[in-house]
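One-letter residues, chain by chain:
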Amino acid sequence: MQTNHNIDLTSAEVANLWTAYHNDTMIICVIKHALAHIQDSEVIDVLKFALQISQSHVQQLTTMFNEEQLPIPDGFDESTNLNMQAPPLFTDQFYLTYIQNLGKIGIEGYGFALANSARLDQCQYFSNCLNEQTQLFNKATELMLSKGAFTRPPHIPKPKQVEYVQKQSFLTGWFGDRRPLNVIEISGVYFNMTQNILGKALITGFSQVASSQEVRNFMTRGKQISAKHVEIFGSLLSEDDLPPASKWDAEPTDSTVSPFSDKLMMFHITSLIATGLGRYGATLGTSSRRDLGAHYTRLMAEITQFAEDGANIMIENGWLEKPPQAPDRDKLANVKK
């Protein structure tokens, strides 16, 4: 079937391409620095695969922007956002977990982009991206399992029969006898805990090397928020005698020389915050116990404010690239001829 390219991209499709370009150009910088220092040959192979994916994406995205006569975003060029002379900031184990998480984010992000695409060439592109990210996730997960570095969610005894909820107390959270977490709630709590453990390690490293004191303060605050969220999620699991996610040895090195620009690090963290907000919202929607809903609502409000503060820092420094936006019709109507 031939794709009709005469149909202009929708706003959703432009958003997909614009977002993808920024993410891929950023990831190229992160992986290139990692590859200059990683010692484990198996981890190197996985990172090289991730790098090839992002480099291929940038080439294809650039072609699409040109064909559609759209301005190519600035994104993150290596000359101003990457310092290859900087010593390693993270360990081999960190980067393996980081790349596996990159696969998770890619599966979520490209799945959303595919679902919001209408033109067949866009559907095909994001279908391919989704397949690549699935391969990346599987490669990284397989390696983590072989190295004993993969932490599994808790096991529970197998249910003996199908049951239905009989009482309103199933929803009880703050008062009364609180039921144990169900498997859907355990899955959400555990997943969000592991994401915060990884996020804390990343933002700790960034706090050591940022050039601007304002950015350092922002990263330090983010480290404290992540640590608090890990504590809350861990306590929810511990209440039911479930093992919390292992706080694996993910601390950064003692380097204070930044491999990346402050602009790149701020973008990276604010992007992860946006992803985290989406995950909190999804788990909020599937959690029946009232106390869980209250926890997620409160934590989402906290990181929403944190994200806004990060956006303000980026605006003040001229780092926040504006996505294409709809025309201001009222403003246009008031333009004098």
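Residues numbered from 1 in each chain as written. Predicted model: local features only at pLDDT ≥ 70, side-chain atom pairs only at ≥ 80, totals over all residues. Heavy atoms only, no water.

A. Region of the structure containing the pattern of salt bridges. Per the counting criterion, the structure on display carries ten salt bridges. Taking the shortest distance from any N to any O, the salt bridge between R221 and D309 comes out at 2.7 Å. Taken together, the residues span a long stretch of sequence, with R221 in helix α7 (residues 213-239) and D309 in helix α9 (residues 290-316) at a distance of 88 residues. Overlapping salt bridges, with partners in common, bring together D40, E42 and K147 in one network. (Salt bridge = Lys/Arg side-chain N within 4 Å of Asp/Glu carboxyl O. Helix = DSSP H or I, 4+ residues; strand = E, 2+ residues; numbered from the N terminus.)

B. The nonpolar core, seen in detail. Grouped together as the largest cluster of nonpolar side chains are 86 residues, with contacts concentrated most on Y95, I99, F206 and M219. Contributing elements (two or more residues each) for this core: α1 (11-35), α2 (41-67), α4 (92-115), α5 (120-146), α6 (183-209), α7, α8 (262-285) and α9. When residues of this core are assigned to their parent elements, the largest contribution, twelve residues, is made by α2. Setting aside chain neighbours within four positions, we find M219 in contact with I203, F206, S207, M265, M266 and I269. (Core = buried A, V, L, I, M, F, W, Y, C linked by side-chain atoms within 4.5 Å. Buried < 20%, exposed > 50% of the residue type's maximum accessible area, 1.4 Å probe, protein only. Contact = heavy atoms within 4.5 Å.)

C. The state of the cysteines, seen in detail. Tallied over the entire structure, the rule returns zero disulfides. The closest cysteine sulfur to the non-disulfide-bonded C29 is located on C129, 18 Å from its own sulfur. The closest cysteine sulfur to the non-disulfide-bonded C129 is located on C123, 12 Å from its own sulfur. Since its relative accessible area comes to 0%, C129 is described here as buried. (Disulfide = S-S within 2.5 Å.)

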